[in-house]
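# Inside the fold
Listed below, chain by chain, are the residues.
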Amino acid sequence: MDTATHFVMGLSLAGLAYVDPAVAASPALATAVLLGTVIGSQAPDFDGLLRFKSNALYVKNHRGITHSLPFLVIWTALIGSILSLLFRTEPAGHIILWTGIAVCVHVFSDLFNTYGTQAVRPFSERWISWNIIHIFDPFIFTTHAAAVLLWSTGAVRPAPLFAGLYILTAIYYVWRTVVHSLRTAEVKRLDSARQPGERYYVIPTVSFHKWHVVKALTDGSYCIGVLNGDGLDWRKHVRTEQHPAIEQSKQHPDVQAFLYFTSFAVAEVENLSWGYVVRWADVRYRHRKQYPFVAVLVMDKQYQTINTYVGWLSAKKMDKRLSINSG
């Protein structure tokens, strides 16, 4: 999920904690738990600080080890221990419990997005992404924000309010999972050109009725489409071009970081008078006919790197950032 949604979910978990009689009976413990759930709901994304070192390091590691099984324990123990020291008179077990719940909810909810996590490390470095919930889901954000607002007014007691909210949230997740399964089956049914061995990835958008579709063909290429209501519209067929510059680009650490993260990368090369521009794009992310999640390498005619970028950026801004021109 996005940072704002994780934040409101951290606040809502603090409200849910009032089902714990110890929390409901102690304002000081409730404050400690509030801090624990808010910080715990953000902690796995502290790897965002890697951006200050390099975008490549961030792309390779974001939602990686910080979302892994060992770090569920590490974040919980670290945050819970610090808060227990600050609130020495309050029972540490309750602080650690609710902090741990917030950390686990963060990682679990991220599994439902397209970006995914390496949640089963150290047993596997596979990226798990269930493609069920968009990274920003209006229903989840709105319901949690509304519940927090109601709680802040004192109009409703937190325990029943947030217990009801999380029951509703659980039902919503189950419903979206069922819908995703049905829509995936529908894509397969609607695709008259379907061949054995082809794999379909149905990816959510902010709209309940619109889904992006990626079909992985057996030759390594992809068909990109949109499922809107009951209509399937294939928009583009893409494959990695064959060119020495593309092969050379695979040796660059930025491209290696990009390819470590995604299995849906497609490369194209622009041949200019002074060199080459190799653009790797993750075809799962299509916005306004562009692929904003990219790794771009600018090279001279001897395949020496001139400039590079990896991360999220539009094509127009990318050319400006890397000083690319056709001259």
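Residues numbered from 1 in each chain as written. Predicted model: local features only at pLDDT ≥ 70, side-chain atom pairs only at ≥ 80, totals over all residues. Heavy atoms only, no water.

In the annotation of an unreviewed UniProt entry, the entry for the protein chain reads Metal-dependent hydrolase, and the organism field reads Paenibacillus chibensis.

## Digging into the nonpolar core
Test applied: We define the nonpolar core as a collection of buried residues of types Ala, Val, Leu, Ile, Met, Phe, Trp, Tyr and Cys that are connected through side-chain atoms lying within 4.5 Å of one another. Relative accessibility under 20% of the residue-type maximum defines a buried residue, over 50% an exposed one, and the middle range a partly exposed one, all with a 1.4 Å probe and only protein chains included. Secondary structure elements follow DSSP: runs of H or I of four or more residues count as helices, runs of E of two or more count as strands, with numbering from the N terminus. A contact between two residues is defined here by any heavy atoms of the two lying within 4.5 Å.
V23, I133, I140, F162 and Y173 are the most contacted members of the largest nonpolar core, which totals 39 residues. Sorting the residues of this core by element identifies α1 (3-16), α3 (27-42), α5 (69-86), α6 (92-110), α7 (138-153) and α8 (158-190) as the ones contributing at least two each. The element that contributes the greatest number of residues to this core is α8, accounting for six residues. Residue contacts for F162: discarding those within four places in its chain leaves S12, G15, L16, A147, V148 and W151. Grouped together as the second largest cluster of nonpolar side chains are 23 residues, V255, F261, W280 and A295 included.

## Considerations on the sheet that holds strand β8 (residues 305-312)
To keep it simple, the criterion reads: At least two bridges found by DSSP between two strands are what make those strands a pair. What counts as an axis is a line fitted to C-alpha atoms, over the stretch in contact for a helix, and the angles between N-to-C directions run from 0 to 180 degrees.
The four strands are arranged β5-β6-β7-β8 in an open sheet whose pairing can be described as antiparallel. With one partner strand each, in any of the chains shown, β5 (265-271) and β8 form the two edges of the open sheet. For this sheet, the mean inter-axis angle between neighbouring strands, taken without regard to orientation, is 10 degrees. With seven bridges connecting them, strand β6 (residues 275-282) and strand β7 (residues 293-300) associate as antiparallel partners. Residue pairing across strands places R279 opposite V296, the latter belonging to β7. Here helix α10 (residues 253-261) sits on the sheet in contact with β5, β6, β7 and β8, set at roughly 20 degrees to β6.

## Concerning the packing of aromatic side chains
Our working rule: Note on aromatic contacts: the rings of Phe and Tyr and the six-membered ring of Trp form a pair at centre separations within 6.5 Å, being stacked when their planes are under 30 degrees apart, edge-to-face when over 60 apart, and tilted otherwise. By the criterion adopted, a ring carries a charge over it if an Arg CZ or a Lys NZ lies within 6 Å of its centre and within 35 degrees of its normal.
Per the stated rule, a full pass over the model turns up 26 aromatic pairs. Pairing F293 with W312 gives two aromatic rings, centres 4.6 Å apart and planes at 20 degrees, and the pair type is stacked. In this pair, F293 is assigned in strand β7 and W312 in strand β8, connecting sequence segments 19 residues apart. With a relative accessible area of 37%, W312 lands in the partly exposed category. Clustering of aromatic rings is evident, with ring pairs tying together F108, F112, W130, F139, Y172, Y173, W175 and F208. For R51, the ring lying beneath its charged end belongs to Y58, and the centroid distance is 4.1 Å. The ring of Y260 has K60 lying over it, and the distance from NZ or CZ to the ring centre is 5.2 Å.

## Focus on the pairing of β5
The pairing of β5 with β6 spans seven bridges and is classified as antiparallel. Along β6, the bridge assignment pairs N271 with Y276. Linking two consecutive strands that pair antiparallel, namely β5 and β6, is a turn of three residues.

## Let's talk about the UniProt feature "transmembrane region" (unreviewed entry) in the protein chain
Worth spelling out the cut-off: UniProt positions are given in the numbering used here, feature names are shortened, and annotations may be inferred rather than shown by experiment.
Mapped onto this numbering, the UniProt entry gives "transmembrane region" (unreviewed entry) at residues 69-89, 95-115, 127-152 and 158-175. Spanning residues 158-175, this segment combines 100% helix with 0% strand, and its end C-alpha atoms are found 25 Å apart.

## Here we look at the packing of α1 against α7
The criterion, for reference: Should an angle lie under 35 degrees it is considered roughly parallel, over 145 roughly antiparallel, and from 65 to 115 roughly perpendicular; all remaining angles are considered oblique. Helix crossings fall into two classes, left-handed where the near helix is turned counterclockwise from the far one by less than a right angle and right-handed where it is turned clockwise.
Taken N-terminus to C-terminus, the directions of α1 and α7 make an angle of 45 degrees; their axes are 9 Å apart at the nearest point. One element, α1, and the other, α7, form an angle in the oblique class. Crossing of α1 over α7 shows left-handed handedness. Residues A4, T5, V8, M9, L11, S12, A14 and G15 of α1 form the contact with α7, whose participating residues are I140, F141, H144, A145, V148 and W151.

## Considerations on the packing of α3 against α6
To keep it simple, the criterion reads: When residues are sorted by character, Ala, Val, Leu, Ile, Met, Phe, Trp, Tyr, Cys and Pro go into the nonpolar class, Asp, Glu, Lys and Arg into the charged class, and all the rest, Gly among them, into the polar class.
Following both chains from N to C, one finds α3 and α6 inclined at 25 degrees, their axes separated by 8 Å at the closest point. The angle between the axes of α3 and α6 places the two elements in the roughly parallel class. Of the two elements, α3 crosses α6, and the hand of that crossing is right-handed. Contact residues: α3 offers L29, A32, V33, G36, T37, G40, S41 and Q42, while α6 offers H94, I95, W98, T99, A102, V103 and H106. Its residues placed into classes, the contact of α3 with α6 shows seven nonpolar, eight polar and no charged.

## Considering a nonpolar patch on the surface
We apply this condition: Patch rule: a residue counts if its relative accessible area is over 30% and it has no salt bridge; like charges are joined within 9 Å, and nonpolar side chains (Val, Leu, Ile, Met, Phe, Trp, Tyr) within 5 Å. All accessible-area figures derive from a Shrake-Rupley calculation using a 1.4 Å probe, and residue coverage is judged against the displayed protein chains alone. By convention in these notes, a salt bridge is any Lys or Arg side-chain nitrogen within 4 Å of a carboxyl oxygen on Asp or Glu.
Residues L35, I39, F46, L49 and F52 make up a contiguous nonpolar surface patch of roughly 520 Å² in combined accessible area. Topologically, L49 is positioned in the loop between α3 and α4 (55-61). When its relative accessible area of 57% is taken as the criterion, L49 is described as exposed.

## Some points on the confidence of the model for the protein chain
This is how the line gets drawn: The pLDDT score gives, residue by residue, the confidence of the prediction method on a 0 to 100 scale.
Summarising the model, the protein chain shows a mean pLDDT of 93, and 97% of its residues fall at 70 or more. For the protein chain, the element scoring lowest by mean pLDDT is helix α11 (residues 315-321), at 69; α3 scores highest, at 98.

## So, the sheet that holds strand β1 (residues 199-204)
Read from one edge to the other, the open sheet built from four strands follows the order β1-β2-β3-β4, with strand pairing classed as antiparallel. Across the chains shown, the open sheet's two edge strands, defined by having one partner strand only, are β1 and β4 (231-238). When the angles between neighbouring strand axes are averaged without regard to direction, this sheet yields 25 degrees. Here strand β3 (residues 222-228) runs beside β4; their pairing, made up of seven bridges, is antiparallel. Bridging from a neighbouring strand, V226 pairs with D233 of β4. α8 contacts β1, β2 (210-216), β3 and β4 of the sheet and is inclined by roughly 135 degrees relative to β1.

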